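This is what each chain is made of:
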Amino acid sequence: MDMTEISEEIPVEVAELEEEERWTMFFDGSSYDSYGGAGIVFETHKKELLSFAFKLDFECSNNVAEYEALILGLRLAEELNLGAIDIKGDSKLVTNQISGDFQVKEAHLAPYRAEAQELIARRGSIFVEHTGRSTNKHADVMDTLAAKIQLNESDEGTIVVKKIAVPSTWKEDATFELKDDWRTTYIEDLTRGADDQVLPVKVLHQFVLIRGALYFRTSGGALSRCVGKSEAQEILNRVHEESCGQTGGIPLYRRLQRMGVYWPSMAVQAAVIQDKCDDCQAPPQQTEICSVEIVDWRQPYIDFIQHERLPSNRQEALKIQRKSGQFFISEGVLYRKSFRGKVLRCLSQEEAEIVMATTHDGEHQGMRKLFIQLHEAGYYWPTMEFDTAEHVKRCQQCQSHGSLIHAPHTWLHSVITPWPFHSWGLDIIGQINPTSSRRHKYIITTTEYSTKWVEAIPL
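Residues numbered from 1 in each chain as written. Predicted model: local features only at pLDDT ≥ 70, side-chain atom pairs only at ≥ 80, totals over all residues. Heavy atoms only, no water.

### Side note on the sheet that holds strand E13 (residues 333-337)
As a reminder of what qualifies: Two strands form a pair only when DSSP identifies at least two bridges running between them. Secondary structure counts use DSSP, requiring at least four H or I residues in a row for a helix and at least two E residues in a row for a strand, with both numbered from the N terminus.
Strand order in the open sheet made by the four strands is E12-E13-E14-E15, with mixed pairing throughout. What marks the edges here is a single partner per strand, and that holds for strand E12 (327-330) and strand E15 (379-380).

See the structure below:
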């Protein structure tokens, strides 16, 4: 039997206490993957603890593990000469079988009860009672740990448990390398009241203080750690050295964003250092270039309205001519007239993504409602209905908190009757309040499945 000890150095023998000072022994056992663990905790009236854990390296059930924990605890109390003890466990079966309230019907538990009763009778001054799991958490943790721990061929192991008062990411003192650190103003504003803030609310809304550290929230909702000038320069140089000369096509500013860091001049500094670097300016090899030209859907209509130019493709040209009557240009902006005469502003794909994200983040409406709201707000692009549906499908919060689908996994089958008036369906309506003039409170309805004949009788 292996033993795992979680405590400071435990004396081999504990001096016998005065008669009025009783120990309390908590025990618990559990089975995991056919093997078990036993946890025993001795507690004094001063809340001093002696903790023991045993790994039961043989096949056992939960009830066997509970009895093993009780017997091992009684033997430990005798070895340590603890004197009078009160025994508490969260197993009703074990505590009631020891006290005689429950009978033992399982043959493999009878020897355990006999051994436990013999140890209790030998020591005397022992009370066994049941306790809830909420007061037996320490012993429960010990037996779970012992059951799942791996000892690697050794008979005994030691585990040190240390108490950590604060999270590892907590910044107790946010001291910066410079007095004029740009983060100081933001942190001070975030800790002030709304009336005492210096920065505009729109700017301050993009920053958040988490465990003493300042973070910047991007338009997509991602959090980036704000860094000072010296750390920013160090990160900038390191990332540039790692990516300089690469032909992947990822800008330096984008690489810094992926690292999750931010400072106000990050985009400008990244662009300057790339412009000055000859390796970054060298064009990539032609075999590694993969460019995709994105054509704005509005451009053909603008060209036709302003210059009467049509696409070379005959089908596209006919399409533009046919639909151009619905579009017009005002102050350089393309608009479309809806069927009801409402003027809709035409958006590019990038503008459409921003509008959909801004509108949907407010109340996380469904596909149809998002489409209607954007249409009523005066926006239009050709794939508007499809894009709004796809945007809602990609929303993680809508997927996490959306309504569950209760539709059956199989197709519904209609009820087939062999002949008319063979099968009827009955239903009752009520209680009706107020009642009818004839004191009727219920209505019984019956429907014939074949002809759909309906009858109703008041009761």
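There's plenty left to go through after this.
### A word on the packing of aromatic side chains
Operational definition: Here the aromatic set is Phe, Tyr and Trp, taking the six-membered ring for Trp, and pairing holds for ring centres within 6.5 Å; pairs whose planes are under 30 degrees apart are stacked, those over 60 apart are edge-to-face, and all others are tilted. Three exposure classes are used, based on accessible area relative to the maximum for each residue type with a 1.4 Å probe and protein chains only: buried under 20%, partly exposed in between, and exposed over 50%. Should the NZ of a Lys or the CZ of an Arg lie within 6 Å of a ring centre and within 35 degrees of the ring normal, that charge is described as sitting over the ring.
Enumeration over the complete set of coordinates arrives at 16 aromatic pairs. Seen in terms of ring centroids, Trp-182 and Tyr-262 are 6.1 Å apart; in terms of plane orientation they differ by 80°. Their pairing is edge-to-face. One end of the pair, Trp-182, is in helix H5 (residues 182-191); the other, Tyr-262, is in strand E11 (residues 261-262), with 80 residues separating them in the sequence. Both residues of the pair, Trp-182 and Tyr-262, count as buried. Here the aromatic rings of Phe-328 and Tyr-335 are separated by 5.6 Å at their centres, their planes lie at 15°, and the arrangement is stacked. For Phe-328, a relative accessible area of 28% corresponds to the partly exposed category. Linked through ring pairs, Trp-182, Tyr-186, Phe-207, Phe-216 and Tyr-262 together constitute an aromatic cluster. The ring centre of Phe-339 lies 5.8 Å from the NZ or CZ of Arg-336, which sits over that ring.

### Some remarks on a nonpolar patch on the surface
Filter applied, for reference: Surface patches are drawn from residues lacking salt bridges whose relative accessible area is over 30%; two like charges belong together within 9 Å, two nonpolar side chains (Val, Leu, Ile, Met, Phe, Trp, Tyr) within 5 Å. All accessibility values rest on the Shrake-Rupley procedure with a 1.4 Å probe; residue burial counts only the protein chains present in the view. A pair is scored as a salt bridge if a Lys or Arg side-chain nitrogen falls within 4 Å of a carboxyl oxygen belonging to Asp or Glu.
Taken together, the side chains of Leu-426, Ile-428, Tyr-442, Ile-444, Ile-457 and Leu-459 make up a nonpolar region of the molecular surface, amounting to roughly 580 Å² of accessible area. Inspection of the secondary structure puts Ile-428 in strand E16 (residues 424-429). The exposed category is assigned to Ile-428, whose relative accessible area is 52%.

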